[in-house]
Amino acid sequence: MSSYQVDGSVDTALAWEDREVTVALAIDGGTEDMAAGLLQVLARSFRDECWLEFQAGTTHPVFFRTRPTTLEDVADFGPNNPGLRVVTLQLPAAPFARGLPVTGTALVPNDPTDGGMRFTVSDVKGDVPAPLNMALDFGTGSYDSRHMIASSNSPTFHHVAPVLNTLGTVDIALSTVTDSSAVGGTYGRATLSGANNGPWVDLTFSSILPGEYRLLVRARSSQAGTLGPYVPSLGDRVSSSGTVWRWLDLGVYRFPTYSPAASAWKPATTTTATWRGKWNRTATGAGTVDVDHAVLVPAPGADGSNGSVLFSSSGTSMSDLTLGYDMAKLTVDSEAEQAYYATTTGQAAAVASVSGAGFPRVTPSVPNVITLGRLSYGAVADNKAATTAVDWSYHPCYLTIRGD
Amino acid sequence: MRLGFVLDTPDGSEVVTGRVSNETLKNSSPGGFASVEFDLVRALDETRLPAKARVRVYDTATGEQVGGGRLVEQGLNDDGTWKIAALGEGIAALQDIDEPYMVIDTELKPYTQPVSVGVKMKTIGRKQKPTKSNTRASIPAPRYKVATTFVMGEAKNGSAPNGSDVEGLLFQVPEGTTVSSGASISASFRGPYQCGMRMAAYGYRYITGATSSGWSMRADAETVGYTSELSRSDSWVATETDMFWRVHTTNFSAIRDAIRLSIRREGATVLVGGNAWAHVRGLVIRSQLYGPTGAIRSGEALATTSARVGEVFTDLIVRRCPTLKLGTIATGTQAFKQLAWYDGITAKDVLDEMCESDGTVTYHAWEADTDGRTTIHLEPLPTKVRYELSTKHGFSAPSPASDAYDTVVVSVRDDDGYVQYKRVSRNTDGNPRSQPINLDAFPPEGLDAVANKFLDAMEKTPNAGTITVAERVLDLWTGRWVHPAAIRSGHLCRVRGVQPTPDTLNPEAKQDGVTIFRIATNTYSDGVATLELDQPVLNADRAIAALLG
């Protein structure tokens with residue numbers, strides 16, 4: 001017999017419900033008044049939300065965030081046992097118990113070849129992913145006003161120097177230029193003339209885990225233009241304008257394209273992947289296009305690993321070169337899901353305009369890589385020698401009641 | 001993976017992901033993002049969210065936006081949460097303005113008044129015979145002509161008195177009228193003025209009763225309530241002229257919003273015979289339209305006898321939708337000869353009507369750009385499949401309520417006034433079922449095309465249905481596995497497990513248990529996306545709405 005149904009059930013959306021903590025207490029108050037007084041203390045403690053610390057002989061405590069509740073069950077033992085009570089508390093609490101905060105720092109260089117643009121958080125404690133709070137300091141003189149923070153469990157970070165290609169067309173000359181402002185010291189230049197509107201950009205990754213990645217390309221051009229995939233798909237074009245180095249966000253791709261999602265029966269193994277893009281400018285005549293470096297930031301979704309991406313922007317008006325306002329500090333409060341900017345001197349806090357809405361999280365017992373992208377809008381070039389100072393912290397989230 | 005929700009208000013934006021429950025996201029074609037509904041935990045005593053608040057919904061793993069819109073409802077539920085509903089920015093912005101609008105008017109509905117064009121003269125006084133015996137010379141009584149009546153003339157729709165059936169605007173002075181120099185009969189066309197727009201170009205052909213330079217056929221371009229200017233003045237000719245255009249800025253001032261056609265006696269006073277008439281046909285009035293840069297297009301560019309969807313789309317977005325900006329603009333194939341709604345219409349209704357008639361393009365608005373404005377695209381219907389789906393989580397296709405027909409009779413009155421008639425039959429078993437179609441205007445694609453379009457739709461049960469998607473599916477265009485909420489309406493999908501009825505997307509030769517559908521809407525809630533395929537399914541709610549509406 002055939003049917004349109006599939007065997008077994010499919011979980012489509014899951015969320016953890018509140019847990020219930022049951023505590024049984026015995027009270028020996030001596031007198032009835034003393035017992036009543038102690039019961040009142042208990043009731044008053046739990047009538048509002050509170051943090052309940054629990055440590056049953058383990059080295060570290062955990063904390064439950066309880067919801068308002070009342071005393072469930074009070075047993076007394078009659079006039080012959082004055083002041084004796086047995087109380088049962090049924091405390092609804094948030095699903096995850098929290099542990100003591102774990103903090104750390106990282107100094108992240110802006111140069112991807114130097115181990116930069118990312119830092120790792122290892123040996124994450126807890127049982128479920130925990131929100132990672134961060135305080136970032138981009139340093140004075142940083143006027144980039146848009147930032148990307150991506151967290152993932154993917155252990156690898158891929159980057160490569162693109163190769164420019166003419167594919168035999170005329171009015172375009174390729175060269176390699178040595179320049180200290182370029183990543184790796186050199187960049188590829190295409191000198192355009194006539195109506196040729198741009199080079200092809202080839203990326204070859206020799207050892208990459210199949211999956212979905214966000215492609216960032218560092219480029220600049222003398223005239224406005226767009227860089228997009230050679231076979232265009234919707235929404236994957238970004239324009240670059242201005243003559244200064246900028247990281248272009250080309251969106252998420254699967255490398256290699258169409259590769260099947262990894263599964264328990266077919267674990268992912270490293271492979272090669274290529275990508276070809278095309279630069280398009282609308283102007284004609286003489287012009288140059290410089291393409292420096294490309295970076296793949298993991299954006300997992302299909303392959304079962306965790307990831308999230310957050311874009312925050314302070315708006316160009318808040319980075320004012322004349323007044324010397326540089327939005328050099330960004331606070332990302334992942335617990336409350338808020339982000340806000342401040343200047344180095346601590347003034348003019350601006351609530352960040354957020355998109356992507358994936359605040360960073362760290363997952364226990366797997367590698368955790370946090371990638372920072374400084375994607376500026378402004379007239380100031382991306383500086384590969386800049387560093388970002390990061391202070392991070394998280395409270396581990398436990399399903400069990402043991403702190404580790 | 002979680003969906004992230006961001007609320008934008010004029011005071012700033014707020015991430016509300018942790019406080020959202022019971023969310024439903026919808027996108028549709030045409031339209032793009034259609035709606036976002038959710039319950040929001042918020043204190044009851046907080047002030048309502050401002051009217052211009054917006055919502056954006058993201059797939060937090062990839063940062064793509066999967067829903068968004070402009071706040072339209074905020075109510076309070078009895079469990080202390082707020083019920084928030086947002087309407088997609090494209091759909092909302094296209095309905096903001098409901099006012100008269102015109103692009104091209106070829107229907108002759110002038111504003112006319114009868115005017116005195118001349119007089120009928122009569123000779124009075126008696127002839128006198130001299131008497132026989134009278135030696136004194138008699139003074140003959142004078143005889144002179146006097147005007148007896150005023151003759152009224154008015155322009156009216158009709159055919160010319162020369163025996164042809166061609167419809168047009170007839171200006172005629174009755175035979176026997178004495179017309180003084182300077183007398184005229186006029187008709188006014190005020191389409192652009194009625195819509196608050198300006199005239200871009202006009203053109204017409206005319207023919208008159210006799211060739212004469214004593215009469216002129218005039219066109220005056222006017223700004224109603226202000227000034228006017230002479231735009232054209234031609235002598236009368238007895239054979240039909242060619243059509244020629246007058247355009248704004250080059251031939252008349254760019255502030256004109258009406259045209260007055262008239263015949264005028266240029267020569268000396270004359271007693272007219274039976275050929276004092278002029279017949280105007282093929283009148284086309286074009287209104288000024290905005291181009292993609294936001295500037296009014298030149299008169300020369302607009303001097304055409306038809307308009308297509310692309311130029312109307314561009315004008316509507318620039319003129320009526322400040323929160324939208326133009327993305328891709330496809331031209332469209334259908335040539336529309338009459339686009340005027342003097343009683344008021346929204347941009348959405350204009351586009352829906354034109355896209356449906358055209359049949360090759362549709363419009364969508366998805367994410368907002370960094371400047372806060374949402375890009376709206378007019379795109380050709382895709383021809384390449386984008387998503388690979390299967391029926392394993394559920395597929396249903398209830399029977400549509402319409403009957404099937406295999407024969408059709410199309411009739412219409414053509415430009416010359418004759419009734420054209422065409423019968424097309426695809427019946428093969430000797431038991432045909434037929435329907436008539438009576439059209440108001442001759443279709444540009446021809447009667448055969450209209451008949452075949454009807455039969456394509458009505459001959460068999462169409463491919464349509466509802467499919468449930470509960471896991472990531474392959475997106476062939478980007479090579480990625482996309483989340484069900486990220487499936488975009490308007491694209492083609494290939495569904496394995498459904499045998500198709502042969503149609504344009506599923507030709508007779510490819511009957512292989514796989515059907516290609518177009519996704520009409522995607523409604524996502526609780527981890528599951530429900531896609532309506534091909535056309536919205538005729539369920540009970542829609543049937544009732546159709547009966548009532």
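For the structure, see preceding data.
What comes next is a walk through the structure.

Rules behind the numbers
- The numbers attached to residues start from 1 for each chain and follow its sequence in the written order.
- Here the convention is simple: chains get letters from A, ligands get numbers from 1, in the order in which they are written.
- Side-chain atom pairs in this predicted model are given and counted only at pLDDT of 80 or more, local residue features only at pLDDT of at least 70, and totals for whole chains, interfaces and linings cover all residues.
- Just so you know, side-chain values use all the structure's heavy atoms and leave hydrogens and water out.
- Whether two residues are in contact is decided by their heavy atoms: any pair within 4.5 Å suffices.
- Using a 1.4 Å probe, buried area is obtained as the accessible area two parts lose upon being combined, added over both of them.
- Note on definitions: salt bridges are taken to be side-chain nitrogens of Lys or Arg within 4 Å of carboxyl oxygens of Asp or Glu.
- The term polar contact refers here to a pair of N or O atoms within 3.5 Å; inside protein, the definition further demands a hydrogen-donor-capable atom paired with an acceptor-capable atom, and it admits residues adjacent in sequence only when both atoms are side-chain atoms.
- Strands are runs of DSSP state E lasting at least two residues, helices are runs of H or I lasting at least four, and both sets are numbered from the N terminus onward.
- Polar here means any residue other than Ala, Val, Leu, Ile, Met, Phe, Trp, Tyr, Cys and Pro, which are nonpolar, and Asp, Glu, Lys and Arg, which are charged; Gly is therefore polar.
- Think of it this way: DSSP has to see at least two bridges between two strands before they count as a pair.
- Here the axes come from fitting lines to C-alpha atoms, over the contacting stretch only for helices, and the angles between their N-to-C directions go from 0 to 180 degrees.
- Each patch is built from residues that are more than 30% exposed by relative accessible area and take part in no salt bridge. Like charges join if they lie within 9 Å; nonpolar side chains (Val, Leu, Ile, Met, Phe, Trp, Tyr) join within 5 Å.
- Using a 1.4 Å probe, accessible areas were evaluated by the Shrake-Rupley method; residue-level cover was limited to the displayed protein chains.
- Just so you know, the count uses Lys and Arg for positive and Asp and Glu for negative, and it drops His and the chain ends.
- Positions of charges follow a simple convention, taking NZ of Lys, CZ of Arg, CG of Asp or CD of Glu.
- Think of it in three bands: residues with accessible area under 20% of the maximum for their type are buried, residues over 50% are exposed, and the middle band is partly exposed, with areas taken using a 1.4 Å probe on protein chains only.
- In this analysis, rings of Phe, Tyr and Trp, with Trp reduced to its six-membered ring, are considered paired at centre separations within 6.5 Å, and the interplanar angle assigns stacked below 30 degrees, edge-to-face beyond 60, and tilted for intermediate values.
- We call a charge positioned above a ring when the Lys NZ or Arg CZ atom is no farther than 6 Å from the ring centre and deviates by at most 35 degrees from the ring normal.
- Note on terminology: a nonpolar core comprises buried Ala, Val, Leu, Ile, Met, Phe, Trp, Tyr and Cys residues joined through side-chain atoms within 4.5 Å.

All right, on to the interface of chain B and chain A then. Listed as interface residues are 37 residues of chain B and, on the opposing side, 38 residues of chain A. Summing both sides of the interface, chain B and chain A together bury roughly 2800 Å²; the carbon and sulfur share of this comes to 56%. One can count one salt bridge joining chain B with chain A. With its nearest N and O atoms 3.2 Å apart, the salt bridge here joins A:Glu212 to B:Arg480. Remark: the boundary between chain B and chain A carries six residue pairs in polar contact (both at pLDDT 80 or more). Those elements that place two or more of their residues in the side of chain B that touches chain A are β1 (3-9), β2 (12-15), β5 (54-59), β33 (473-475) and β34 (480-482) of chain B. Per-class residue counts for the side of chain B that touches chain A are twelve nonpolar, 16 polar and nine charged.

Let's shift gears to the side chain of A:Ser308. The residue A:Ser308 is located in strand β23 (residues 307-313) in this model. A polar side-chain atom of A:Ser308 sits 3.2 Å from the main-chain carbonyl oxygen of A:Phe359.

Mapped onto the elements of the fold, A:Leu330 is located in strand β24 (residues 329-333). Residues A:Leu330 and A:Thr343, 13 residues apart in the sequence, show an inter-C-alpha distance of 8.8 Å.

Take the sheet that holds strand β15 (residues 184-189) of chain B next. Residue and element names in this part refer to chain B. Taken in spatial order, the five strands make up an open sheet running β9-β15-β20-β17-β18, and their pairing is antiparallel. Taken across any chain shown, the strands that pair with only one partner, and hence form the sheet edges, are β9 (111-112) and β18 (228-236). As paired strands, β15 and strand β20 (residues 258-265) are joined by six bridges and run antiparallel to one another. Bridged to Ala-187 within β20 is Leu-261.

Our focus in this paragraph is the sheet that holds β23(A). All names here are of chain A. Taken in spatial order, the five strands line up as β8-β29-β11-β23-β27 in an open sheet, and their pairing is antiparallel. Because the sheet does not close on itself, it has two edges, and the strands there are β8 (118-120) and β27 (353-355). Ignoring strand direction, the axes of neighbouring strands in this sheet form an average angle of 20°. Where strand β11 (residues 146-152) lies against strand β29 (residues 369-374), six bridges are found, and the strand directions are antiparallel. Bridging from a neighbouring strand, Ser-152 pairs with Val-369 of β29.

All right, on to a negative patch on the surface then. All names here are of chain B. Taken together, the side chains of Asp-98, Glu-99, Asp-349, Glu-353 and Glu-356 make up a negatively charged region of the molecular surface. When residues of the negative patch are traced back to their parent elements, those giving at least two are β8 (98-105) and α5 (347-358). With three residues, the single largest contributor to the negative patch is α5. You can see Asp-98 is positioned in strand β8.

Here the focus is the pattern of salt bridges. Side chains that differ in sign of charge can pair as their charged atoms come close. The full count for this structure, using the stated rule, is 39 salt bridges over all chains. Of the charged contacts in the structure, one is a salt bridge between B:Glu89 and B:Arg70, with a shortest N-O distance of 3.0 Å. Of this pair, B:Glu89 sits in helix α1 (residues 89-93) while B:Arg70 is found in strand β6 (residues 64-76), placing the two residues 19 residues apart along the sequence. Here the two residues B:Glu89 and B:Arg70 agree in accessibility, since each one is buried. Salt bridges sharing partners connect three or more residues here, namely A:Asp18, A:Glu49, A:Arg65 and A:Arg67.

Attention shifts here to the packing of aromatic side chains. Following the criterion strictly, the structure yields 15 aromatic pairs over all chains and no others. Between the aromatic rings of B:Tyr202 and B:Tyr204, the centroid separation amounts to 6.2 Å while the plane-to-plane angle is 15°, which identifies the pairing as stacked. Taken as a pair, B:Tyr202 and B:Tyr204 share a single burial class, namely buried. An aromatic cluster is defined as three or more aromatic residues linked by ring pairs; in this entry it consists of A:Phe205, A:Tyr213, A:Tyr253, A:Phe255 and A:Trp275. Here the guanidinium or amino end of A:Arg220 rests over the ring plane of A:Tyr187, the centre of that ring lying 5.1 Å away. Taking the ring centre of A:Trp200 as reference, the NZ or CZ of A:Lys278 above it sits at 4.6 Å.

With that settled, the discussion passes to the nonpolar core. All names here are of chain B. Counting residues in hydrophobic clusters, the biggest one holds 67 residues, and the most contacted among them are Tyr-101, Phe-171, Met-217 and Leu-261. Apart from the residues lying within four places of it in its own chain, the contact partners of Met-217 are Phe-171, Tyr-204, Tyr-206, Arg-232, Ser-233, Asp-234, Trp-236, Leu-261, Ser-262, Ile-263, Ala-278 and Val-280. Judged by nonpolar contacts, the second largest core, of 37 residues, contains Val-57, Ile-487, Phe-517 and Tyr-524.

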